[in-house]
Amino acid sequence: MIGNLNDTLNLIRKTTPARIINASKVLSSYHYSRFVGKANHWAMPMSIAIEPTTSCNLRCPECPSGLRSFTRPTGMLQVDLFKKTIDELASTLSYLTFYFQGEPYLHPQFLDLVNYASARKIYTATSTNAHYLSEEMARRTIDSGLDRLIISIDGTTQETYEAYRVGGKLDKVIEGAKNIVRLKKELKSLTPFVVFQFLVVKPNEHQIEAVHKLAKEIGVDHVALKTAQIYDYKSGSDLIPSIDKYSRYKKENNGTYSIKNELLSHCWKMWQSCVITWDGKVVPCCFDKDAHYVMGDLKEQSFKEIWQSENYNSFRASILRSRDEIEMCRNCTEGTQVWA
């Protein structure tokens, strides 16, 4: 509870008049666009996700990085490209996630990138499989100013953990989490806010209570129970949980599966956020894993040119018209986390 409050206050402290005004413009342009049925945008994004790398050390079965199934190239984010983008967005950007695909800590300058954004008072977050959180890296993580560290831990025994995190070692995850928690205390740092993210799938659903217990023992700030996106879900999957609360899918009378949520013709994400791939491509959201819907290239254009371009607004308009027109939107589950 105290950790949650500290995290909220930390985010509030980074709020500025310019960011509040920008957020107001984002909100008003979104609702106005829905009202008139035409895409309009009068502001810059409130949040972005940027991809340090597509490389990963694990082989998770529902992850393009893990499956090595990308059609786009694998690589590392260029520092100069990152700095140029942050310099352009810093005054209005409230939230920056260092993650899309891949393992961020494989980027040799990852924490330097975090430090650059943190110095501009942008709230920073990342998601990691925690295999690289040695004592030195944990200390550097805290020193970087990272605000939120999401640690993927999808099992409390090695057998269960590796059923999804193929090639992973649970003891490395636990060691990394302990390093962060211990060093936060030693350095008297309130950040990063440490989250155990537990992707609920059928092989691990029996360990939900156990992951809460483990988090409490270590001193992790929060546990997030995340529902899993299944790519080939229609015929069912061994990963779909039997506990309905944690499944994005429902079984039909004919034995096939369908997405629970209704496909509404609007999407808040298209107005308030976007994703930047390691090579500078701007894509609409995290469901575009293979960057099929490229709105522009930051190596050739400024972010503002891309964000407010006719191409981007045409894409937003197509969502207002019918999300069913867009392939990635047809499999959009708007995945949830259950905070506890």
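Residues numbered from 1 in each chain as written. Predicted model: local features only at pLDDT ≥ 70, side-chain atom pairs only at ≥ 80, totals over all residues. Heavy atoms only, no water.

With that settled, the discussion passes to the packing of helix α6 (residues 135-144) against helix α8 (residues 170-186). When two helices pack together, you describe them by how their axes are tilted relative to each other and by the distance separating the axes. Look at α6 against α8: their axes get within 9 Å of each other, and the N-to-C directions meet at 55°. Our classification of the angle between α6 and α8 gives oblique. Between α6 and α8 lies a crossing of right-handed hand. Mapping the contact onto sequence places Glu135, Ala138, Arg139, Thr141 and Ile142 in α6 and Asn179, Ile180, Arg182, Leu183, Lys184 and Glu186 in α8. Residue composition of the contact of α6 with α8, grouped by class: four nonpolar, two polar and five charged. (Axes fitted to C-alpha atoms, helices over the stretch in contact; angles between N-to-C directions. Helix = DSSP H or I, 4+ residues; strand = E, 2+ residues; numbered from the N terminus. Parallel < 35°, antiparallel > 145°, perpendicular 65-115°, else oblique. Left-handed = near helix turned anticlockwise from the far one by under 90°. Contact = heavy atoms within 4.5 Å. Nonpolar A, V, L, I, M, F, W, Y, C, P; charged D, E, K, R; others polar.)

For the rest of this paragraph, the subject is unusual backbone geometry. Residue Pro192 is bonded to the preceding Thr191 through a cis peptide linkage, with omega at 0°. Among the secondary structure elements, Pro192 is positioned in the loop between α8 and β5 (193-200). The phi dihedral of Ala130 is positive, around 65°, even though this residue is not glycine. Tracing the backbone through its elements, the reader meets Ala130 in the loop between β3 (123-128) and α6. Phi at Lys188 is positive, roughly 55°, even though this residue is not glycine.

Take the pairing of β5 next. In terms of burial, β5 is largely enclosed, as eight of its eight residues are buried. Side chains of β5 alternate between two faces, with Phe193, Val195, Gln197 and Leu199 and Val194, Phe196, Phe198 and Val200 buried alike. In this structure, strand β4 (residues 148-152) lies alongside β5, joined through five bridges in parallel fashion. Looking at β5, one finds that Ile151 is bridged to Phe196. The pairing of β5 with strand β6 (residues 222-227) spans six bridges and is classified as parallel. Within β6, the position partnered with Leu199 by the bridge is Lys226. In terms of handedness, the path from β5 via helix α9 (residues 208-218) over to β6 forms a crossover that is right-handed. (Buried < 20%, exposed > 50% of the residue type's maximum accessible area, 1.4 Å probe, protein only. Pairing = 2+ DSSP bridges. Right-handed = clockwise from strand over helix to strand, strands pointing away.)

With that settled, the discussion passes to the packing of aromatic side chains. In this structure the tally under the stated criterion is eleven aromatic pairs. Residues Tyr30 and Trp268 carry aromatic rings whose centres are separated by 5.1 Å and whose planes lie at 65° to one another, so their mutual orientation is edge-to-face. Residue Tyr30 is found in helix α2 (residues 17-36), and its partner Trp268 is found in the loop between β8 (257-259) and α10 (269-272); the two are separated by 238 residues along the sequence. Taking the relative accessible area as the measure of exposure, Tyr30 reaches 6% and is therefore buried. With relative accessibility at 29%, the residue Trp268 sits in the partly exposed group. Their ring planes at 80° and their centres at 5.7 Å tell us that Phe98 and Phe110 sit as a pair that is edge-to-face. Pair noted here: Phe98 is in strand β2 (residues 95-98) and Phe110 is in helix α5 (residues 110-118), with a separation of twelve residues, a long-range link. You'll find Phe98 and Phe110 in the same group, each marked buried. In this arrangement the basic side chain of Arg316 is found over the ring face of Trp307, its NZ or CZ atom lying 4.6 Å from the centre. (Phe/Tyr/Trp six-rings, centres within 6.5 Å; stacked < 30°, edge-to-face > 60°. Lys NZ or Arg CZ within 6 Å of the ring centre and 35° of its normal.)

Taking 1.5 Å as the rise per residue, α2 with 20 residues should run 28 Å; its terminal C-alpha atoms sit 28 Å apart, in good agreement. Among the residues making up α2, those that are buried are Arg19, Asn22, Val26, Ser29, Tyr30 and Ser33. Along the axis of α2, the buried residues cluster in a sector spanning 100°; they form a single face. Exposed and oriented more than 90 degrees from the buried face of α2 are Pro17 and Phe35. One or two residues past the end of α2 sits Gly37, with phi positive at roughly 75°. (Expected span 1.5 Å × (residues − 1). Arc of directions from axis to C-beta.)

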